[in-house]
Amino acid sequence: MLKKGLSLIVVLSTLLWTAGCASNANSPSASSGEKGAEASAPPKAITLAYSEGGSTMDPAEASDLTSDTLVLALYDQLVTYGKKSTDSGEVADTEAIKPMLAEKWDVSADNMTYTMHLRKDVKFQSGNPLTASSVLYSLERLKNSDSGSFLYGMSSIKTATAPDEHTVVITLSQPNHMFLQILSLYNFSIVDDVLVKEKGDGEYLKTHAAGSGPFKLEKWDPATEAVFNANASYWQGAPNLSKVTMKFTKEASNRVLLLDKGDVDMAIEIPAKDVAKLETNADLKVQSNASNRILYFAMNNKVKPFNDPKVRQAISYAIPYDQLIDDVMYGQAKQMKSSVASNTPGYTDAGYSYKHDLNKAKQLLTEAGYPNGFNFDLTLGSGFQDWADDAVLIQAELAKIGVKMNVVNVARAQFLEQQREGNLTAYISKWTSFVNDPGYHLGFLMYSSGSSNYIHYANPEVDKLWEQAGKEQDENKRKELYGKAQELINQDSPWAYLYEYNRVVGMGKDVTGYVYYPDEVIRFYSLNKE
């Protein structure tokens with residue numbers, strides 16, 4: 001379940017916190033850029049295979065992987081994530097916020113006011129200079145947008161003013177320890193206000209670019225491809241690549257074939273079953289990163305028999321975890337042991353005790369008053385083969401303890417609508433938290449008033465811990481509170497945790513510069529072709 005299209009009402013009421021921030025969160029360095037190749041270097045082109053063509057280039061309205069990718073190729077943000085090296089390659093360091101269009105910033109002692117000092121050497125692709133009015137205009141558009149406004153609400157921005165052309169003062173309604181992380185998201189891209197006003201605003205940004213980013217748009221046809229050319233005047237230096245082409249290829253098997261034959265340089269959304277085969281191709285490399293995309297078996301905590309924690313725990317003991325990881329995901333996933341993904345700062349599996357144990361499951365059902373089991377409907381949305389395969393395996397295990405699971409298949413759109421209504425008895429769903437913080441994750445999913453808590457999980461102690469963590473200024477103490485909340489949730493088992501996906505990207509041996517980000521969007525600027 002993605003993070004967009006969610007009700008702002010509850011988010012605003014639950015995520016405007018009194019939280020701690022570093023009193024001086026940045027360094028004054030203005031050299032955040034990664035200098036690309038000189039303009040005179042030989043042209044390099046790269047082609048990537050995506051499944052979908054996207055729906056908009058408007059930063060404020062982007063809400064799918066391809067649209068988000070288009071935005072990050074064309075626009076910059078005030079701040080951005082750092083990077084770090086791991087055994088799985090280079091990944092984003094979401095706790096290390098770096099300067100971007102804001103070359104530095106000051107934070108007031110009460111963590112309520114951020115003074116952003118803008119770079120003075122940035123021009124939009126139109127030639128218009130980046131000014132403070134561009135920032136104010138972009139924030140106002142986001143505030144009033146249909147899709148990204150919920151993130152604006154989460155940022156806790158109360159006012160934004162411009163004392164001069166190169167300074168923006170942002171005042172928060174309350175301290176928010178996630179403010180800079182949220183500001184790094186693509187929805188907060190800075191738009192060329194002069195150009196957009198000339199074009200009449202409205203729908204212009206849906207199909208046109210008005211950014212300062214590293215690439216210029218040559219073509220975008222959602223049915224076939226998008227083509228970008230390097231912005232040779234980019235303020236961080238021209239990109240390494242002169243051209244980037246995104247080929248939209250819906251069928252996963254075709255994306256795999258294109259990559260295997262060398263017809264594309266990179267491909268995403270590769271089925272787990274195809275990874276091993278691609279790894280035998282000496283001309284390719286496959287990067288598989290642990291992601292924070294999770295899959296869970298949701299049980300409506302208000303509906304019998306799932307209103308009884310023992311029943312939910314029994315289901316958790318009946319899940320054939322190893323089969324799901326090995327037979328369905330071919331090892332491209334790992335068992336999930338908290339409601340928070342394991343690569344989220346503050347993660348803990350304390351309180352998690354579940355393993356495949358049908359005797360234990362049967363014992364818990366008996367204690368709950370269901371010695372002979374029960375029947376229930378699992379609603380399964382279309383579009384994800386692994387979910388369907390998971391359901392078959394889980395159904396077989398539940399049958400062994402007397403529980404009959406009826407799988408009700410529905411179209412994806414219908415499933416999402418039913419899920420939002422909060423009346424489904426049980427279902428399988430996924431979630432990706434773009435802000436890599438337990439407060440963001442638990443606030444949506446496990447806080448009793450969370451806007452995506454479709455299973456109606458409610459534990460007053462968890463709510464209290466989450467609220468306390470939001471107010472806690474000490475980072476270690478805050479993580480400790482989030483840890484206690486996770487422990488209680490693990491014991492309550494509102495979901496049966498299934499697995500955490502790996503993010504798999506296949507690419508030619510000659511492709512370098514790929515960095516994994518929690519939002520799973522590939523930044524083209526760092527890519528190169530040797």
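Look a little higher up for the structure.
One structure accompanies this document, and this report is about it. For clarity, every value in this text was computed on a predicted model and none was experimentally measured. (Residues numbered from 1 in each chain as written. Predicted model: local features only at pLDDT ≥ 70, side-chain atom pairs only at ≥ 80, totals over all residues. Heavy atoms only, no water.)

Remarks on helix H3 (residues 132–143)
Definition in use: In DSSP terms, a helix is any run of H or I states spanning at least four residues, a strand is any run of E spanning at least two, and both are numbered starting from the N terminus. A helix's residues, less one, multiplied by 1.5 Å, set its expected span. Categorising residues by exposure relies on relative accessible area from a 1.4 Å probe, with only protein chains included: less than 20% of the type maximum marks a residue as buried, more than 50% marks it as exposed, and the intermediate range marks it as partly exposed. We call two residues contacting when some pair of their heavy atoms lies within 4.5 Å.
The end-to-end C-alpha distance of H3, which contains 12 residues, comes to 17 Å, matching closely the 16 Å that a straight helix rising 1.5 Å per residue would cover. Inspection of H3 places Ala 132, Ser 134, Val 135, Tyr 137, Ser 138, Leu 139, Arg 141 and Leu 142 among the buried residues, and these make up the whole buried set. Considering only its buried residues, H3 is in contact with strand E5 (113–118), helix H4 (149–155), strand E6 (157–164), strand E7 (167–172), helix H6 (193–198) and helix H7 (204–207).

Thoughts on the packing of aromatic side chains
Worth spelling out the cut-off: Pairing of aromatic rings covers Phe, Tyr and the six-membered ring of Trp, with a centre-to-centre limit of 6.5 Å; geometry is then stacked below 30 degrees between planes, edge-to-face above 60, and tilted otherwise.
Per the stated rule, a full pass over the model turns up 23 aromatic pairs. With a centroid separation of 6.2 Å and an interplanar angle of 70 degrees, the aromatic rings of Tyr 186 and Phe 434 are classed as edge-to-face. Here the residue Tyr 186 occupies a position in the loop between helix H5 (179–183) and H6, and Phe 434 occupies one in the loop between strand E16 (426–432) and helix H15 (438–445), the gap between them amounting to 248 residues. With relative accessibility at 4%, the residue Phe 434 sits in the buried group.

Observations concerning unusual backbone geometry
Look at the link from Lys 304 to Pro 305: it is a cis peptide, with omega at 0 degrees. Of note, Pro 305 is situated in the loop between strand E12 (284–299) and helix H10 (309–318). Residues other than glycine seldom take positive phi values, yet His 456 does so here, at roughly 65 degrees. Examined against the element boundaries, His 456 turns out to sit in the loop between H15 and helix H16 (460–471). The exposure class assigned to His 456 is partly exposed, which follows from its relative accessible area of 29%. The backbone of Ser 493 sits at a positive phi, close to 50 degrees, despite the residue not being glycine. In this structure, Ser 493 sits in the loop between helix H17 (475–492) and strand E17 (495–508). A relative accessible area of 1% means that Ser 493 is categorised as buried.

Focus on the pairing of E6
Each regular strand shows side chains that alternate between the opposite faces of the sheet. Heads up, the condition is: When DSSP finds at least two bridges between two strands, those strands are taken to pair.
In the sheet, E6 pairs with E7 via five bridges, with the strands oriented antiparallel. Bridged to Ala 160 within E7 is Ile 170. Turn length for the E6-E7 hairpin, with the two strands adjacent in sequence and antiparallel, is two residues.

A few points about the environment of Tyr 454
Of note, Tyr 454 is situated in the loop between H15 and H16. A residue is classified by how much of its surface remains accessible, and Tyr 454, at 8% relative accessible area, is buried. Each C-alpha atom of the pair Tyr 454 and Asn 423 lies 7.9 Å from the other, and the pair is 31 residues apart in sequence.

Brief notes about the pairing of strand E3 (residues 89–99)
Here eight bridges tie strand E2 (residues 79–86) to E3, and the two strands are oriented antiparallel to one another. Bridge pairing in E3 places Gly 82 opposite Asp 93. Hairpin connection of E2 to E3: two residues between the antiparallel strands.

Let's talk about the nonpolar core
Short version of the rule: Each nonpolar core is a collection of buried residues, namely Ala, Val, Leu, Ile, Met, Phe, Trp, Tyr and Cys, held together in the definition by side-chain atoms within 4.5 Å.
Grouped together as the largest cluster of nonpolar side chains are 155 residues, with contacts concentrated most on Phe 228, Met 266, Phe 297, Phe 376, Trp 495, Tyr 499 and Phe 524. It is E17 that contributes the most residues to this core, eight residues altogether. Not counting residues within four places of it along the chain, the set of residues in contact with Phe 228 comprises Leu 70, Ala 73, Leu 74, Phe 215, Lys 216, Leu 217, Glu 218, Ser 242, Lys 243, Val 244, Met 246 and Phe 524.

A look at the sheet that holds E5
Stated formally: A fitted line through C-alpha atoms serves as each axis, taken over the contacting stretch for helices, and the angle formed by two N-to-C directions is quoted from 0 to 180°.
If you walk across this open sheet you meet the four strands as E4-E5-E7-E6, and the pairing is antiparallel. At either end of the open sheet lies a strand with only one pairing partner, and these are strand E4 (102–107) and E6. Averaged over all pairs of adjacent strands, the angle between their axes in this sheet comes to 20 degrees, without regard to strand direction. When E5 meets E7, the two strands line up antiparallel, connected through five bridges. Residue Thr 115 lies in a different strand from E7, and its bridge partner there is Val 169. Lying over the sheet, H3 contacts E5, E6 and E7, oriented at roughly 160 degrees with respect to E6.

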